[in-house]
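As a plain string of letters, each chain reads:
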Amino acid sequence: NTPLKERKDGKEDKVEDGAASANVDDATTPVDSRQTTPAATPALTDDEGGPSREDTEKKEKEDRDLLLSWLSPAGFQVNSPTVAAAIETDRDAVRRITALEIPVGDSASILRAGAGGEIVEKSGAEATSTPGGSGSNSVKKRDFARVLEIYQEVVVAEEKAKRSSSSGKKRPPPPSSSKHRGKSARTGSNSSSAGKSSSKPAQQGNPIIIVPNAMTSAITMINAGFFLGKDAVFVPRVQAMKNPAAGKRGGTITITRRFNQRLGGGEITYDIIDNPATRLKKDEWDRVVAVVCQGASWQFKGWRYSDPVDLFSRTFGFYVGLEGATVPAELQGWNCKTGKVSRDRRGGDNICLAGFWNGLEEFMAVHKQELFN
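Read on for a plain summary of the structure. (Residues numbered from 1 in each chain as written. Predicted model: local features only at pLDDT ≥ 70, side-chain atom pairs only at ≥ 80, totals over all residues. Heavy atoms only, no water.)

Let us look at the sheet that holds strand β8 (residues 336-341). Taken together, 6 strands build an open sheet; the order of strands is β4-β5-β3-β6-β7-β8 and the sheet is mixed. Looking at strand neighbours, the two that pair on one side only are β4 (253-258) and β8, the edges of this open sheet. Each strand axis lies, on average, 25° off the axis of its neighbour in the sheet, ignoring direction. Of the pairings in the sheet, the one linking strand β3 (residues 208-210) to strand β5 (residues 267-273) comprises 3 bridges and is parallel in character. What sits directly across from I210, in β5, is I273. (Pairing = 2+ DSSP bridges. Helix = DSSP H or I, 4+ residues; strand = E, 2+ residues; numbered from the N terminus. Axes fitted to C-alpha atoms, helices over the stretch in contact; angles between N-to-C directions.)

What follows deals with unusual backbone geometry. One non-glycine residue, A232, lies in the positive phi region at around 50°. In this fold, A232 is placed in the loop between α8 (224-228) and α9 (237-240). A232 gets classed as partly exposed once you look at its relative accessible area, which sits at 26%. (Buried < 20%, exposed > 50% of the residue type's maximum accessible area, 1.4 Å probe, protein only.)

Turning next to the packing of aromatic side chains. Both the distance between ring centres and the angle between the ring planes are used here to describe each pair of aromatic rings. Scanning the model with the defined rule gives 12 aromatic pairs in all. Their ring planes at 75° and their centres at 5.4 Å tell us that F318 and F356 sit as a pair that is edge-to-face. Of the two residues, F318 sits in strand β7 (residues 316-322) while F356 sits in helix α12 (residues 349-367), which places them 38 residues apart along the sequence. (Phe/Tyr/Trp six-rings, centres within 6.5 Å; stacked < 30°, edge-to-face > 60°.)

See below:
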């Protein structure tokens, strides 16, 4: 009995030791949070105190009404004649200030921005406190007009030199007798004096704007009248063809526009064509002031100035492209400005038109002043 009891006691001790070690392992082993499943929180129903659908819709309606009341113009109407007159006075002042704005695009426009030599009246306190002032109540603005005049004189001299060099290639043979010699001398002196007294005559006819003849271009004779005319809006070619007022290929569109106030504020009439190779004579090319280019040099085939470099040194170049379309690579080497229009959004039309007309008037003020008369 004794050995059997001892064996049983030994087994019981081993079982107790194993249970103790298992409890220690359970206490030191970290618990994996991924293996634990959180208890799902049941959604509250209407019976358990949750918001009902009617309450939610009512709250959304109240928020929407509150937002609309914030955006409503109620209470902001001008009912007082005094306030309305003051607002109209402010609008007139803004229009006058806007008319004096000068867009700066190149060196010539910067020189004109400081030109004028206007007299600005000052108060007595400002006149006495001006450093180095003589106490007068007026000050003269910086005047760069003389610099611009010198630049224009240089341009005219270069053009005369080019004409004289081209006309002097063929010289008449020297006279064979003294009689001829005296006659030629008198003739030469008379012609030289006549040349000195003659000035550059004013151009006869309207300034000319050339648009592309290809139907793949954004601006053609079909929609040029809407874009450059009084409507000042881009109309796609398909829509413009349905309008009875659309232009026709090979025809002429005449538009009248008032140029900038700083250039005199007068009106000037332009002729828009698309076939200069067959329409214009040699002397009429001097009236070409702008070319709306398509982006390919074959557009100028048969023109008097078929080289793009030569053409855009004599005219104002402008490219009108559609938003999202790539600008032709050939256009990058030309003296040509670019503008973008959208097929369906008309908000950017004014930006494109402002770039065209401001650039054209700047070009004409320097190179085509005789066309302003």
